[in-house]
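Given next are the chains, with one letter for each unit.
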Amino acid sequence: MLFPQRFWPGLADRTITIAFRRWKRPTVKAGGTLRSPAGVLGIDEVTIIEPGQVTDEHALAAGYPSRREVLADLRPSGELYRIRFHRIGDDPRQALRDRDDLTNDDVAELRGALRRIDWAVPTLRVIAERPAVVSTDLAASLGMERMAFKQRVRRLKELGLTESLVVGYQLSPRGRSLLARIDAGDLGDTTLGDTTDA
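A quick note: this is a predicted structure, and the numbers were derived from the prediction, not measured.

Draft legend 1. Representation of the overall build of the protein chain in the model. Within the protein chain, the secondary structure is distributed over nine helices and six strands. Dimensions of the protein chain along its principal axes, counting C-alpha atoms only, are 60 × 35 × 25 Å. Out of the 198 residues belonging to the protein chain, those deemed buried represent 44%. Of the roughly 10900 Å² that the protein chain leaves accessible, carbon and sulfur atoms contribute 49%. Averaging the coordinates of the 31 positive side-chain charges in the protein chain and doing the same for the 28 negative ones gives two points 5 Å apart.

This is the structure in structure tokens:
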């Protein structure tokens, strides 16, 4: 479940606590969590409703001025779901991304991860060279399909190496520090950046 950027402030300050989606099947479940650009959300309720059950009060809690705007913003097909949630706190990946002072333990962990995913360094280099470029163009530059490329970026984000922008991506401070260490030969493995194979 994604939230456009205009909703991020309301998610962060906890004024947005409801979302409406039309789905063939829900992508979140009650009791689960969801990482959003505004922090980690705890999912409290996922309920199928009728359009007539959307009220102006619900619309305000979803970040819309009225129920009319909510209904106009929904996709035309699928069951209508009301999702209630609360903000748990900051995404722990954010603190990880902001750390550019890599310790020996950090380097050892990242070195092991990079050996398992030999496409990581070429992907990091493409993002470093072309920040804020749409993912379709970045994927094409590596001869990949967009969805496969986005899956790779998600794995790098889990390592705290990249962060999403409104359009495209950029390296996090941690990612920039790692790439600088690789370029300086500090990781001691010159093969890390030599292949783009999956």
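Having seen it, we continue.
Draft legend 2. Representation of the pattern of salt bridges. Scanning the model with the defined rule gives nine salt bridges in all. A salt bridge links Glu45 to Arg84; the shortest N-O distance between them is 3.2 Å. One end of the pair, Glu45, is in strand 3 (residues 39-48); the other, Arg84, is in strand 4 (residues 79-89), with 39 residues separating them in the sequence. Residue Glu45 is classed as partly exposed on the basis of its relative accessible area, which comes to 24%. According to the relative accessible area criterion, Arg84 is partly exposed, its value standing at 30%. Within this structure, Glu45, Arg82 and Arg84 form a network of salt bridges that share partners.

Draft legend 3. Just helix 6 (residues 120-129), in detail. Of all 10 residues in helix 6, seven are buried; the element is thus mostly enclosed. When we look at burial in helix 6, the residues that qualify are Ala120, Val121, Pro122, Thr123, Leu124, Val126 and Ile127. Buried positions along helix 6 lie against helix 5 (104-116), helix 7 (135-141), helix 8 (146-158), strand 5 (162-164), strand 6 (169-171) and helix 9 (173-183).

Draft legend 4. Summary view of the layout of surface pockets. Quantified by volume, the largest pocket comes out at close to 1200 Å³. What lines the largest pocket is a set of 34 residues, among which Leu2, Trp8, Pro37, Lys157 and Ser164 lie closest to the centre. Those elements that place two or more of their residues in the lining of the largest pocket are strand 2 (33-36), helix 4 (92-98), helix 8 and strand 5. The greatest single-element share of the lining of the largest pocket, amounting to seven residues, is contributed by helix 8. Looking at the lining of the largest pocket residue by residue, the class counts come to 15 nonpolar, seven polar and 12 charged. Looking at the second largest pocket, it is lined by 19 residues, and the ones nearest its centre are Leu2, Phe20, Arg21, Trp23 and Arg75. The set of elements that each furnish at least two residues to the lining of the second largest pocket consists of strand 1 (18-23) and helix 3 (67-73). Among the elements that take part in the lining of the second largest pocket, strand 1 stands out by supplying six residues, more than any other.

Scoring rules and cut-offs
Residues numbered from 1 in each chain as written. Predicted model: local features only at pLDDT ≥ 70, side-chain atom pairs only at ≥ 80, totals over all residues. Heavy atoms only, no water. Helix = DSSP H or I, 4+ residues; strand = E, 2+ residues; numbered from the N terminus. Buried < 20%, exposed > 50% of the residue type's maximum accessible area, 1.4 Å probe, protein only. Areas by Shrake-Rupley, 256 points an atom, 1.4 Å probe, with all protein chains shown as cover. Lys, Arg positive; Asp, Glu negative; His and termini not counted. Charge placed at Lys NZ, Arg CZ, Asp CG, Glu CD. Salt bridge = Lys/Arg side-chain N within 4 Å of Asp/Glu carboxyl O. Contact = heavy atoms within 4.5 Å. 1 Å grid on protein atoms, 1.4 Å probe; cavity = no way out; pocket = protein on both sides within 12 Å on 5 of 7 lines; lining within 4 Å. Points joined across faces, edges and corners; volume = space filled by probe spheres on them. Nonpolar A, V, L, I, M, F, W, Y, C, P; charged D, E, K, R; others polar.

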